[in-house]
Amino acid sequence: MKIIVGLGNPGKEYEKTRHNAGFLTLDKVAASLNVDITTKKFKALIGETFIKGEKVILVKPQTYMNLSGESLIKILDYYDLDASDIFVISDDLDLPVGQLRIREKGSSGGQRGIQNIIQHLGTNVFLRLKIGIDNNKLIDTKDYVLGKIDPNTPLDKAAQCVLDYLEGKSILDLMNDYH
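Residues numbered from 1 in each chain as written. Predicted model: local features only at pLDDT ≥ 70, side-chain atom pairs only at ≥ 80, totals over all residues. Heavy atoms only, no water.

Most of strand 7 (residues 127-132) sits out of view: six of its six residues are buried. Residue alternation in strand 7 divides its side chains into two sets, Leu127, Leu129 and Ile131 and Arg128, Lys130 and Gly132, and both sets are buried. With six bridges connecting them, strand 5 (residues 86-92) and strand 7 associate as parallel partners. Residue pairing for strand 7: serine 90 is matched across the bridge by lysine 130. Judged from the four bridges that link them, strand 6 (residues 100-103) and strand 7 form a sheet pairing that is antiparallel. Opposite arginine 103, over in strand 7, you have arginine 128 as the bridge partner. (Buried < 20%, exposed > 50% of the residue type's maximum accessible area, 1.4 Å probe, protein only. Helix = DSSP H or I, 4+ residues; strand = E, 2+ residues; numbered from the N terminus. Pairing = 2+ DSSP bridges.)

Before going further, it helps to spend a moment on unusual backbone geometry. As a rule of thumb, non-glycine residues mostly have phi less than zero, and peptide bonds are mostly trans rather than cis. Of note in the backbone geometry, asparagine 34 takes a positive phi value of approximately 60° without being a glycine. By the secondary structure assignment, asparagine 34 is in the loop between helix 1 (21-33) and strand 2 (39-41). Phi at aspartate 80 takes a positive value of approximately 55°, unusual for a residue other than glycine. Inspection of the secondary structure assignment puts aspartate 80 in the loop between helix 2 (68-79) and strand 5.

Here the focus is the sheet that holds strand 5. As summarised here, the arrangement of the seven strands in space is 2-3-4-1-5-7-6, forming an open sheet in which the pairing is mixed. Either end of the sheet is taken by a strand with one partner, and the two such strands are strand 2 and strand 6. On average, adjacent strands in this sheet sit at an angle of 25° to one another, irrespective of strand direction. With respect to the sheet, helix 3 (residues 112-121) is in contact with strand 5 and strand 7, its orientation differing from that of strand 5 by roughly 150°. Contacting strand 1 (2-6), strand 3 (44-51), strand 4 (54-61), strand 5, strand 6 and strand 7, helix 5 (residues 155-166) crosses the sheet at an angle of about 165° to strand 7. (Axes fitted to C-alpha atoms, helices over the stretch in contact; angles between N-to-C directions. Contact = heavy atoms within 4.5 Å.)

Once that is clear, we can look at the nonpolar core. In terms of nonpolar packing, the biggest core is built from 32 residues, with Ile4, Leu58, Ile102, Leu129, Val162 and Tyr165 touching the most fellow members. Residues contacting leucine 58, with those up to four places away along its chain left out, are Ile4, Leu26, Val29, Ala30, Val35, Ile37, Leu45, Ile46 and Gly47. If you look at the next biggest cluster of nonpolar residues, it comprises 21 residues, including Phe42, Val59, Leu76 and Ala83. (Core = buried A, V, L, I, M, F, W, Y, C linked by side-chain atoms within 4.5 Å.)

The values reported here are purely geometric and, on their own, carry no functional implication.
Dropping the structure here:
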């Protein structure tokens, strides 16, 4: 089983913000797979499908970004899975707009949703796709991440990366193709 988690904040006021790059990417993945992410469960909205005979669950935590781990740990506990079964999609202030980065482990890099997941899972070893949103040091970080997403943010490319992963492409190949 694979769990694909897009991070973001619920609510209309956050829909097209930089901080919702994970939600926006997951919406593109869901559209490609013809999956509705509408079932309320585990403090999240989820959608389910099968790819190559394997169950895939698409997850949009509804806890707000900084508490994303609360939702994810409920899912892992319910299905008796571990961190190796998840793929988390999030924004990253340290990457320029247009850049993607795939990691199998590491620190949160200051991304509070990732930090909360690390705290709840008790490990920093899980697959993640970081979407560059850049940073403007002249704007308070909170205001910046909640500002409108740059139209050049590579959401389609990020969604294709996730789809390639679901089709069985190796992590090394994904890194080579998308970095």
